[in-house]
Amino acid sequence: MPKKFNITNNVRTLRFFANEMTQQDLAEKAGVSRQTIMAIEAGKYAPTLELAFRIADAFDVSITEVFGFEAKEDVK
Amino acid sequence: MTYQTKKTMISLLTSLILLFSYCITVYNDFSKGLIFENDARFWARRMLLFIAIGVVLNIISFIVFHILLSVNVSVKGSTTDSKEINRKLELEMIEDEMDKLIELKALRVGYIVSSTGFILSLILFAFNIAIAIVLNILFLSFFVGGIFEGFSNLFFYYRGIRNA
């Protein structure tokens, strides 16, 4: 059975280092709603590749600095 | 609470009001003995009337909702500049990929409920159950499907769609 993975993100940290950029500002730059940014930050939504690139572009960093990939722990 | 969830709640509220008013009207007519089980024309008229009321109620509720939203944006932003209000409204009303995905998933739930009602009504019709019951199950299943769709929408916004 293939391993399950979680998409992690550093959006909150990157917002902090971008002069405490607001969620609304990031949403406007990425062309999405604030709710979507909130959901991504909370790990409730895994964005499409296009949106992931747009968010990375908003911070002027590479996509791997924004999003990560980790194996899910087995639930026993 | 964002625009999409507010919009869903308005539509849910409208559907619930319509459903309850339909049930109350039918119950009142039934208690007065005005309803005949096999009068399909009566039921067709009654259902068409409620569909028309539903369309009008939806239009009115959305107009009122958007007026209130504009007022809210102008009060919050302390501005009367229409361009600025429109810009803020556009930002608020933006529909992105997550909204579309949630809408699709909720729509699927709605279709499952509606089609279950449709199949149930066909089964009942096949077993010679009164046409009034068959038509009502069919009609109500579409209403209930819409309500399920609304609740699923809110649920997906609350829980998120991690494994989309």
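**Q** Give a description of the interface of chain B and chain A that names residues and reports values.
**A** Counting from both sides, the interface comprises 17 residues of chain B and, opposite them, 17 residues of chain A. Carbon and sulfur atoms make up 47% of the area that chain B and chain A hide from each other, which totals about 1400 Å². Of all residues in chain B, Glu97, Met98 and Arg162 of chain B give up the largest surface area on contact with chain A, accounting jointly for 42% of the area buried on that side. Taken together, the links from chain B to chain A amount to 7 residue pairs in polar contact (both at pLDDT 80 or more). No other element matches the 4 residues that helix 4 (residues 97-126) of chain B contributes to the side of chain B that touches chain A. When the residues that make up the side of chain B that touches chain A are grouped by side-chain class, the tally is 7 nonpolar, 4 polar and 6 charged.

**Q** Please provide a residue-by-residue account of the environment of Asn19 of chain A, values included.
**A** Relative to the helices and strands, Asn19 of chain A is located in the loop between helix 1 (11-17) and helix 2 (23-30). The sequence separation of Asn19 of chain A and Phe53 of chain A amounts to 34 residues, and the corresponding C-alpha distance is 20 Å.

**Q** Summarise the packing of aromatic side chains; cite the residues concerned and give the values.
**A** The final tally for this structure, using the stated rule, is 8 aromatic pairs over all chains. Consider the rings of Tyr22 of chain B and Phe50 of chain B, whose centres lie 5.1 Å apart with planes at 85 degrees: the pair is edge-to-face. With a gap of 28 residues between them, Tyr22 of chain B in helix 1 (residues 3-31) and Phe50 of chain B in helix 2 (residues 40-76) connect regions that are remote in the sequence. Look at Phe62 of chain B and Phe65 of chain B: their rings are 6.4 Å apart centre to centre, the planes differ by 80 degrees, and that puts the pair in the edge-to-face class. With Phe62 of chain B and Phe65 of chain B both in helix 2 and 3 residues apart, this pair spans about one turn of that helix. When the ring centre of Tyr158 of chain B is taken as reference, the NZ or CZ atom of Lys44 of chain A above it lies at 5.5 Å. Here the guanidinium or amino end of Lys105 of chain B rests over the ring plane of Phe156 of chain B, the centre of that ring lying 5.8 Å away.

**Q** Tell me what's going on with the confidence of the model for chain A, and back it up with residues and numbers.
**A** With 93% of its residues at a pLDDT of 70 or more, chain A has an overall mean of 87. Ranking the elements of chain A by mean pLDDT puts strand 1 (residues 5-9) of chain A last with 83 and helix 4 (residues 49-59) of chain A first with 93.

**Q** Any chance you could break down helix 3 (residues 34-41) of chain A for me, citing the residues and the numbers?
**A** Restricting attention to buried positions, one finds in helix 3 of chain A the residues Gln35, Thr36, Ile37, Ala39 and Ile40 of chain A. Directly beyond the C-terminal end of helix 3 of chain A, a positive phi value near 75 degrees is found at Gly43 of chain A.

**Q** I'd love a proper account of the environment of Phe67 of chain A, names of residues and values included.
**A** Looking at where Phe67 of chain A falls in the secondary structure, it is placed in strand 2 (residues 67-71). As a C-alpha pair, Phe67 of chain A and Ala56 of chain A span 11 residues in sequence and 8.7 Å in three-dimensional space.

**Q** Lay out the side chain of Asn136 of chain B with the relevant residues and their values.
**A** All names here are of chain B. Following the sequence through the fold, Asn136 ends up in helix 5 (residues 131-159). A polar side-chain atom of Asn136 sits 2.8 Å from the main-chain carbonyl oxygen of Ala132. With sequence-adjacent residues up to four places away left out, Asn136 is seen in contact with Tyr22, Trp43 and Met47.

**Q** Mind laying out the pattern of salt bridges, listing which residues take part and the relevant values?
**A** All names here are of chain A. Scanning the entire structure with this criterion turns up 4 salt bridges over all chains. Of the charged contacts, one joins Arg15 and Glu41 as a salt bridge, the two residues approaching to 2.6 Å between their closest N and O atoms. Residue Arg15 is located in helix 1, and its partner Glu41 is located in helix 3; the two are separated by 26 residues in the primary sequence. Notably, a salt bridge pairs Arg54 with Glu50, separated by 3.4 Å at the nearest N-O pair. Linking Arg54 with Glu50, this pair stays in helix 4, spanning 4 residues, or about one helical turn. Looking at Glu50, the relative accessible area reads 54%, which means it is exposed.

**Q** Pulling in residues and values, what's your account of the packing of helix 2 of chain B against helix 5 of chain B?
**A** Residues and elements named next belong to chain B. In contact at an axis separation of 10 Å, helix 2 and helix 5 are set at 20 degrees when each is read in the N-to-C sense. For the element pair helix 2 / helix 5, the angle class is roughly parallel. For the pair helix 2 and helix 5, the crossing hand works out as right-handed. Contacts between helix 2 and helix 5 involve Ala40, Trp43, Met47, Phe50 and Ile51 from the first element and Ile131, Ala132, Leu135, Asn136 and Phe139 from the second. Partitioned by chemical class, the residues of the contact of helix 2 with helix 5 number 9 nonpolar, 1 polar and no charged.

About the cut-offs
Residues numbered from 1 in each chain as written. Chains lettered and ligands numbered in written order. Predicted model: local features only at pLDDT ≥ 70, side-chain atom pairs only at ≥ 80, totals over all residues. Heavy atoms only, no water. Contact = heavy atoms within 4.5 Å. Buried area = accessible area lost by both parts, 1.4 Å probe. Polar contact = N/O pair within 3.5 Å; in protein donor to acceptor, adjacent residues only side chain to side chain. Helix = DSSP H or I, 4+ residues; strand = E, 2+ residues; numbered from the N terminus. Nonpolar A, V, L, I, M, F, W, Y, C, P; charged D, E, K, R; others polar. Phe/Tyr/Trp six-rings, centres within 6.5 Å; stacked < 30°, edge-to-face > 60°. Lys NZ or Arg CZ within 6 Å of the ring centre and 35° of its normal. pLDDT = per-residue confidence, 0-100. Buried < 20%, exposed > 50% of the residue type's maximum accessible area, 1.4 Å probe, protein only. Salt bridge = Lys/Arg side-chain N within 4 Å of Asp/Glu carboxyl O. Axes fitted to C-alpha atoms, helices over the stretch in contact; angles between N-to-C directions. Parallel < 35°, antiparallel > 145°, perpendicular 65-115°, else oblique. Left-handed = near helix turned anticlockwise from the far one by under 90°.

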